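Report on the structure
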Amino acid sequence: MEEKIKKEEVKEVKSKKTNTKTDSPKDMLKYFGFGLLGILVIFLLISTVVSVRAVKNLSQNSFVLGMSKVLNLSVAEINGEKISYNDYVEDLKTLNKFYSNPPEGLTVPTSEEISDQVLSRLLANKLINKTAKEYGVKVTNEDITNFKDSLLTQFPSEAEANKELQDRYGWTLEKYIERVGKPILLEQKLQTAFSEKTLDNTDEFAVEEVRASHILFMEDEKTTKEQAKTKAKEVLQKIKDGADFAEMAAQYGVDSTKDEGGDLGWFSRGIMIPEFEEAIFAMEKGQLADDLVETSFGYHIVKLDDRRFVRDFYTYMNNQLMTAKIKINLPINNPFESLKQTQQTEPITIEVEDSEENTISE
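Residues numbered from 1 in each chain as written. Predicted model: local features only at pLDDT ≥ 70, side-chain atom pairs only at ≥ 80, totals over all residues. Heavy atoms only, no water.

A short note on the sheet that holds strand β8 (residues 326–328)
Spatially, β2-β1-β8 is the arrangement adopted by the three strands of the open sheet, whose pairing is antiparallel. A single partner strand is all that each edge strand has here, and the edge strands are β2 (81–84) and β8. Across this sheet, the average inter-strand angle for adjacent strands is 25°, counted without regard to direction. Judged from the four bridges that link them, strand β1 (residues 74–78) and β2 form a sheet pairing that is antiparallel. Residue pairing in the sheet places Ala 76 in a bridge with Ile 83 of β2. Across the face of the sheet, helix α4 (residues 85–100) comes into contact with β1 and β2 while running at roughly 40° to β2. Where helix α5 (residues 111–135) meets the sheet, its contacts fall on β1, β2 and β8, and the angle it forms with β2 comes to roughly 140°. (Pairing = 2+ DSSP bridges. Helix = DSSP H or I, 4+ residues; strand = E, 2+ residues; numbered from the N terminus. Axes fitted to C-alpha atoms, helices over the stretch in contact; angles between N-to-C directions. Contact = heavy atoms within 4.5 Å.)

Here's the deal with the pairing of β1
Counting buried residues in β1 gives five out of five residues, a clear majority hidden from the surface. The hairpin turn running from β1 into β2, its antiparallel successor, is two residues long, and Asn 79 in that turn takes a positive phi close to 50°. In terms of strand pairing, β1 meets β8 through three bridges, oriented antiparallel. Bridge pairing in β8 links Ala 76 to Ile 328. (Buried < 20%, exposed > 50% of the residue type's maximum accessible area, 1.4 Å probe, protein only.)

What about the packing of α5 against helix α12 (residues 313–323)?
Their axes nearest at 10 Å, the elements α5 and α12 cross at an angle of 120°. Of the possible angle classes, the one that applies to α5 and α12 is oblique. You can see that α5 and α12 cross each other, and the crossing is right-handed. Along its contact with α5, which presents Ala 124, Leu 127, Ile 128, Thr 131 and Glu 134, the element α12 presents Tyr 316, Met 317, Gln 320 and Leu 321. (Parallel < 35°, antiparallel > 145°, perpendicular 65-115°, else oblique. Left-handed = near helix turned anticlockwise from the far one by under 90°.)

Following this line, the structure appears as structure tokens:
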């Protein structure tokens, strides 16, 4: 009996040994991987929460900016399109650097005003990009090259350009072209596209434009006002008798348009001085004014070459801004809120100076 009990005990011990399974190295590695993954998930969750809170506090910490980029956090949205927090911070740093050592005589804006400048530009750029796609407008490599070449004419060398831009904005030349040059070029090309697409006058944003030519006669040190008027009348009569207008402009004109046959290009109301504008817009297409037009510049022989209706770029874009659905995701000011409340429609665009002077523009 005792021997039978011992056999049963031995059998039970063997059974326990058989049922006890030892984890293999492969299984141990799997458990370690799961544990490490869990730690990483927890770390990412904590980092995400910390980063989101830091962004809400407008942090510019490099780690926060890195996480912001990964998480695609936005400072604002316009019509559902996000404005990157990183883009906002980068432009904010740039403007703050610029205003830290401003050119003499320039008023330094407040922090809120600087933020408004940055955000309004980023919001406007989104709308300009969207409109450019609708019009099929793109900035080409040739456009960028020409912009760069033009910019470099203002500096002794490319190295000097990089140094100046770095000192003033904290940007390299290439960065400046990307952040400033390309948006300017796109806006310019979009304006051109607007001006080249003629409409009928029923379009909500249509404005009338005219194309005119003139020959200006001015009083100067050698010419009295009466002498200028007499000469202008003589030339006007020659044109009435069949002389070519462009040839007369080249021969007698005294402003920069003389080399273009007197061509002033296309313009809408409000561009030229009132007395000149009134005369031009009252004329018929192809008409030569029967008499001289007198302005503060002198005496003009004028001819209306053409007229058309086009969509006004500034009116259209400002309407888009005023009617856009803008959502501010951070504790900063909406730069367009006051404009919406007062129904103002001032252009929110980068103005690019025109190198050509128009002698009869206001």
